[in-house]
Amino acid sequence: MSYRLHIPKTLQEAVQIKKETGGTYLAAGTDILVNHRHKDDLIALEKIPGLSSIEEEKDYVRIGSLVTFNQLEKSSLVKEKLPALWQAAYNTAGPQIRNRATIGGNIGCFSPASDSVTALLALDAEVELFDGKTCREKLENLHFLDNTAMITSVLVPKRFGFSAFEKVGKRNAMSVSVINMALARNGSEVRIATGCMGPQVILCKDPSSVLEFLYPINDRWGTIEYKTAVARKLLDKLTKEAGL
Amino acid sequence: MKEKNCVGVSAARLDGPDKVTGRAVYTADIHMEGTLEVSLVRSPVAHAMLKGIRAPHLPDGSFLFTASDIADNHIPSIFSEQPVLASDHIRYQGEALAIVAAPTKELADKLVSKVELDLDVLQTVDGIEDALKEDSPHLFENGNICSTFHSEKGDTEKAFTECSLIVEGSFETPVQIHGFMEPEAAFCCIDDKGRLSIVSSTQNAYSDLYTAATATGRDHETITSRAATVGGGFGGKDGNTAQVYPAVVTHLTGKRSRFIYSREENIRWGMKRHRSLTHAKIGFSKDGHILAADCSMLLDTGAYAMLGPSVLRLGIEHFTGAYHIPNVKLDGKLLYTNHAPASAMRGFGAPQAAFAFENLLNRAAAKLGLDQLEIRKINAVHKGQKGPMGGENEHEIGLEEALDKFAQSPFYMEMKNNPVPRYGYGLAVGMMSSGLGKHVPDTCHVIIDRTEEGFTVRTSLVDIGQGSQTALAQIAAQALGTDVCRIDMQMGQTDGNQDSGSTAASRSTFVCGNAIIQAAQKIKEGQDHAEGVCAFPEASGEAIHTYFAFMVQGAKVKINPESGAVDPVWMHSTTETGCVINPTLLNGQIFGGIAMSLGMTLSEQIRYRNGITLENSLANYILPSSMDVPRLTNDFVEKEEPTGPFGAKGMAELPTVAVAPAVTSAVSSLMGGLEINRLPIDRMEILKAGRKA
Ligand SMILES: Cc1cc2nc3c(=O)[nH]c(=O)nc-3n(C[C@H](O)[C@H](O)[C@H](O)COP(=O)(O)OP(=O)(O)OC[C@H]3O[C@@H](n4cnc5c(N)ncnc54)[C@H](O)[C@@H]3O)c2cc1C
């Protein structure tokens, strides 16, 4: 395995290298280095300042893209205001991975099993992207990252009085989700996101029709019958907890 | 009784400091100038005839060897039918066809990918079910039955007619891997005496020497072999894994070489625990005495026998467990399939058998209105009684004492009262032999030398991580009347030693401990250099093994109502393994064995599809994590075994035997008697049963 590693010091520089080399952004590398999912050029983000903090704003919690799962887990702000995201972070991998793995990388994987994405979709998060200039996009509208865009931060609304996340894996830690689900509720506004039941995390705003939108497949992690049965039970549990 | 100070205490592990500081040298830590890296050309398909191998252009300093380069193309084992490199008939996906050696691993792999194979693909025999079909292709001329085993004691047919209860069931257990941290690895060079020197991750340095001698045509005297620090074996390094390939390369090129399995190679093509299909029928009198048992076992040994025939024999011998039963019929078949070879794994057939027998025993207890402990007490085997094959139990058996002690435990009190309805409780008993068994050479040689600092104790036996060097140093110190810190244990090499066999069959403490005591006696009589030899005592009558250890295993579980996952909460056990040399080491073996077996019970399995495993990494072969291991407690009864070293018996495999049936019985008690007959436990079965309940 060999590649060229670039270590830009600013956002501008990173985007420039990206445009010139067509390389891949590297956060902690717990996904791309493990799965060899990269091109010849890797652009490390770790020396770019300002991407590693969690801050409270008026309507949002702003989470830098290099914030690790460990930081999320340790943050009382996240735990209080965004319990679904906190639970997702807490249930991701094990301590070693959580010390390194970033929220930006989790979104960047675009995997249906990205645990934080399920929580963030339910919480109606937005992402701030940078490709020379900054723009903002709702996560639910973001189906792939365009060639050059870098995620700089994630903005998670504080308006949901209730949110919760559930994960079923094959063991209690270091486990890919067989299925995960998050529900966020703000009065009559309900958002339910389900992971691993299709090619992407699936969002649904009506609890009574969640199951119709899921299309699991038989794979090494479980049968359609099993995944559907668990989805039903998780949905029951979450809606009950949400008082629905 | 002798006054004890070095044994019976939890001496700190001698290998501990080196391991926790990273000073310990494992095989893959050996870096030397000019070492060739070895990769194998492996078969892409599970069953085929090999018509030809076309090598790519080999740059200077790179090599490719095929079967025609091997002096005598077989790996010595029970049947020795496995070639070092397949030359015509390919019998499993991943089978080695050629060896490539190159200055870097990248280059070796690249050259491997450029080798062209000419194959006539055959239909895959994809498991036991296929192997038994009339019209399945044959792996060997004589068909797909590798070995059989049959034994009959008393008249089972007649006895069943006299039973007031008969329980019966069919069971299945999965292929499991050993899951050792250190993958298979070997390093070879020519030493300053011109000998082929093998350093490897092995359970048996001598077997590596013999295998290399066969493959290279060298005399035994021109080969030397030793184990580096070994990061776990559990049976999976008992026999050839990586060793023979660099041995061939170094022999033919004169250059250093090494071969380290990737984790994928380890998972797909390392040795395995045999998948089993078992059936058992057990008949009881009204008061719960077992009158008759008829048990059968089918094992998938994969493409080659390796130690499979012995696994079948031991599994069958242990089938009826720790009970005295007058009429017993036992049948077993070991089958060849197009799967990677299964061989030794901790428990050696006994866990597969116990899963069937112990579950049925608990089902019978429920029908008879007996407690799970009671039914075992009624039937517990005692010294002097005849075993399932008719041979007399000649040595100490403390099962009844272990059952009594378990009955006094807080665990059992809780199980009896079951205060919280969302917990389920179950128990099972495991019995495990030690020693290699009748007609298998089982001798250990030890040499003790007096030195300025104290004593060196040498043997070719290997400490594979289980801690035997500490226990043996304690025995030596006790026997010599000195302190453990004055004993220098030198283990695991052929040089200066005689063949003491494999670190296997829970034999090291017993057989090596006795040899040490013998040599120590001579030292105490004034010699500065003494040898000790112990042959493991063989069973005198109709039996394979004659020493057994016992374990009462309790399981407390809860069930996740959303996922159907079984969550073990507490495992408590009482063990009977003679006198205990080192309580902490004993518990280490017990707790590790329980964790290993929870894996097989709940999540671990290798599944084949057309001869190819679905599992290929530790992300999808689900070993338990530390978060999956429940509270573990163990106590023991010490019944002195007069022929053992300071009263000890062997126990390393014991904790793997009874975990699965204890857990499934606990689940069953929570789920209205749900009968779980297949491992790992299928969560869908639990959810379905929950829906009904
Ligand atoms: C043992 C193990 C266990 C795991 N368990 C879990 C689990 O339980 N749940 C789970 O969800 N995941 C799990 N993962 C996957 C992985 O750890 C997570 O997805 C993690 O969040 C990835 O973050 P990273 O910083 O390592 O990303 P990287 O590997 O560095 O990058 C991942 C992808 O995102 C892109 N990327 C990274 N940062 C940015 C950015 N700022 N802007 C745009 N693109 C970006 C990269 O180009 C790449 O394509 C596990 C991985 C391992 C190895």
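Residues numbered from 1 in each chain as written. Chains lettered and ligands numbered in written order. Predicted model: local features only at pLDDT ≥ 70, side-chain atom pairs only at ≥ 80, totals over all residues. Heavy atoms only, no water.

What follows deals with the overall build of chain A. Regarding its fold elements, chain A presents nine helices and twelve strands. Whereas a compact globule of 244 residues would reach a radius of gyration of roughly 18 Å, chain A reaches 18 Å, a difference of no more than 12%. When its C-alpha atoms are laid out on the principal axes, chain A stretches across 50 × 45 × 30 Å. The burial tally for chain A puts 54% of its 244 residues in the buried class. Taking all contacts inside chain A whose residues are at least 6 apart in sequence as the whole, residues at least 24 apart take part in 56%. Counting every atom, chain A has about 11,000 Å² of accessible surface; 51% of that belongs to carbon and sulfur. Between the averaged position of the 31 positive side-chain charges in chain A and that of its 28 negative side-chain charges there is a distance of 4 Å. (Helix = DSSP H or I, 4+ residues; strand = E, 2+ residues; numbered from the N terminus. Rg over C-alpha atoms; globule rule 2.2 N^0.38 Å. Buried < 20%, exposed > 50% of the residue type's maximum accessible area, 1.4 Å probe, protein only. Contact = heavy atoms within 4.5 Å. Areas by Shrake-Rupley, 256 points an atom, 1.4 Å probe, with all protein chains shown as cover. Lys, Arg positive; Asp, Glu negative; His and termini not counted. Charge placed at Lys NZ, Arg CZ, Asp CG, Glu CD.)

Listed as interface residues are 16 residues of chain A and, on the opposing side, 24 residues of chain B. Summed over both sides, the interface between chain A and chain B buries roughly 1,800 Å², with carbon and sulfur atoms accounting for 53% of that surface. Three residues stand out in chain A for area buried against chain B, namely Arg-171, Arg-220 and Tyr-226 of chain A, and they jointly supply 38% of the buried area on that side. Where chain A meets chain B, there are one salt bridge. The closest approach of N and O atoms between Glu-225 of chain A and Lys-688 of chain B, which form a salt bridge, is 3.4 Å. In this structure, the connection of chain A to chain B is made through ten residue pairs in polar contact (both at pLDDT 80 or more). Elements supplying a minimum of two residues to the side of chain A that touches chain B: strand S9 (162-169) and helix H9 (224-241) of chain A. The leading source of residues in the side of chain A that touches chain B is H9 of chain A, at seven residues. (Buried area = accessible area lost by both parts, 1.4 Å probe. Salt bridge = Lys/Arg side-chain N within 4 Å of Asp/Glu carboxyl O. Polar contact = N/O pair within 3.5 Å; in protein donor to acceptor, adjacent residues only side chain to side chain.)

So, about the sheet that holds strand S25 (residues 631-637) of chain B. Residues and elements named next belong to chain B. The strand order across the open sheet formed by four strands is S16-S21-S22-S25, and the pairing between neighbours is mixed. At either margin of the open sheet sits one strand with a lone partner, and together these are strand S16 (424-434) and S25. Strand-to-strand, the axes of this sheet are offset by a mean angle of 20°, without reference to chain direction. As paired elements, strand S22 (residues 566-576) and S25 share seven bridges and run parallel to each other. Pairing of Glu-576 across the sheet is with Val-637, part of S25. Across the sheet, helix H11 (residues 399-407) is in contact with S16, strand S21 (547-559), S22 and S25; its angle to S22 comes to roughly 135°. (Pairing = 2+ DSSP bridges. Axes fitted to C-alpha atoms, helices over the stretch in contact; angles between N-to-C directions.)

Before going further, it helps to spend a moment on the nonpolar core. The nonpolar side chains of soluble globular proteins are, as a tendency, buried together. Residues and elements named next belong to chain B. Phe-284, Phe-319, Phe-357, Leu-399, Val-663, Val-667 and Ile-686 are the most contacted members of the largest nonpolar core, which has 117 residues in total. Residue contributions to this core peak at ten residues, all from helix H9 (residues 350-368). Mapping this core onto the domain boundaries places at least three of its residues in each of domain 2 (32-122 + 178-269) and domain 3 (275-437 + 542-692). Beyond its immediate sequence surroundings of up to four residues, Val-663 is in contact with Ala-555, Val-557, Val-566, Met-571, Leu-598, Thr-601, Leu-602 and Ile-681. (Core = buried A, V, L, I, M, F, W, Y, C linked by side-chain atoms within 4.5 Å. Domains from an automatic or database assignment.)

The subject of this paragraph is the sheet that holds strand S10 (residues 177-186) of chain A. All names here are of chain A. Read across the open sheet, the four strands follow the order S9-S10-S11-S12; overall the sheet is antiparallel. At either end of the open sheet lies a strand with only one pairing partner, and these are S9 and strand S12 (202-204). Going from strand to strand, the sheet's axes swing by 10° on average, the running direction of each strand aside. Sheet topology places strand S11 (residues 189-195) next to S12; three bridges connect them, and they run antiparallel. Bridge pairing in S12 places Thr-194 opposite Ile-202. Across the face of the sheet, helix H8 (residues 115-122) comes into contact with S9, S10, S11 and S12 while running at roughly 20° to S10.

Before going further, it helps to spend a moment on the domain arrangement of chain A. What the domain assignment lists for chain A is domain 1 (1-44) and domain 2 (162-241). One C-alpha centre belongs to domain 1 of chain A, the other to domain 2 of chain A; they are set 33 Å apart.

Residues and elements named next belong to chain B. Axis separation between helix H10 (residues 372-379) and H11 bottoms out at 10 Å; the angle between their running directions is 160°. Taken together, the axes of H10 and H11 are roughly antiparallel relative to one another. At the point where H10 passes H11, the crossing takes the left-handed sense. Contacts between H10 and H11 involve Leu-373, Arg-376 and Lys-377 on the former and, on the latter, Glu-400, Leu-403, Asp-404, Phe-406 and Ala-407. When grouped by side-chain class, the residues that make up the contact of H10 with H11 number four nonpolar, no polar and four charged. (Parallel < 35°, antiparallel > 145°, perpendicular 65-115°, else oblique. Left-handed = near helix turned anticlockwise from the far one by under 90°. Nonpolar A, V, L, I, M, F, W, Y, C, P; charged D, E, K, R; others polar.)

The subject of this paragraph is the packing of aromatic side chains. Taken as a whole and assessed by the stated rule, the structure comprises 17 aromatic pairs over all chains. Ring centres of Phe-259 of chain B and Tyr-261 of chain B lie 5.4 Å apart, and the angle between their planes is 55°; this geometry places the pair in the tilted category. On the accessibility criterion, Phe-259 of chain B (0% relative accessible area) is buried. The structure contains a cluster of three or more aromatic residues connected by ring pairs, namely Phe-406, Phe-411, Tyr-412, Tyr-425 and Trp-570 of chain B. Over the face of the ring belonging to Trp-86 of chain A we find Lys-79 of chain A, whose NZ or CZ atom lies 4.5 Å from the ring centre. Residue placement shows Arg-136 of chain A over the ring face of Tyr-60 of chain A; its charged tip is 4.9 Å from the ring centre. (Phe/Tyr/Trp six-rings, centres within 6.5 Å; stacked < 30°, edge-to-face > 60°. Lys NZ or Arg CZ within 6 Å of the ring centre and 35° of its normal.)

All right, on to the packing of helix H15 (residues 583-602) of chain B against helix H16 (residues 659-670) of chain B then. Relative placement of two packed helices is described by the angle separating their axes and the distance separating the axes. Residues and elements named next belong to chain B. Running from N to C, H15 and H16 point in directions that differ by 55°, and their axes come no closer than 9 Å. Classified by the interaxial angle, the pair formed by H15 and H16 is oblique. You can see that H15 and H16 cross each other, and the crossing is right-handed. Contacts from Ile-594, Ser-597, Leu-598, Thr-601 and Leu-602 of H15 reach H16 at Val-659, Ala-660 and Val-663. Of the residues assigned to the contact of H15 with H16, the class counts are six nonpolar, two polar and no charged.

All names here are of chain B. For helix H14 (residues 508-524), with 17 residues, the first-to-last C-alpha span of 23 Å sits near the 24 Å given by 1.5 Å per residue. Of the surrounding elements, those touching the buried residues of H14 are strand S17 (443-450), strand S18 (455-459), helix H13 (468-480), strand S20 (529-535) and S21. Positioned one or two residues after H14, Gly-526 has a phi angle of 120°, which is positive. (Expected span 1.5 Å × (residues − 1).)

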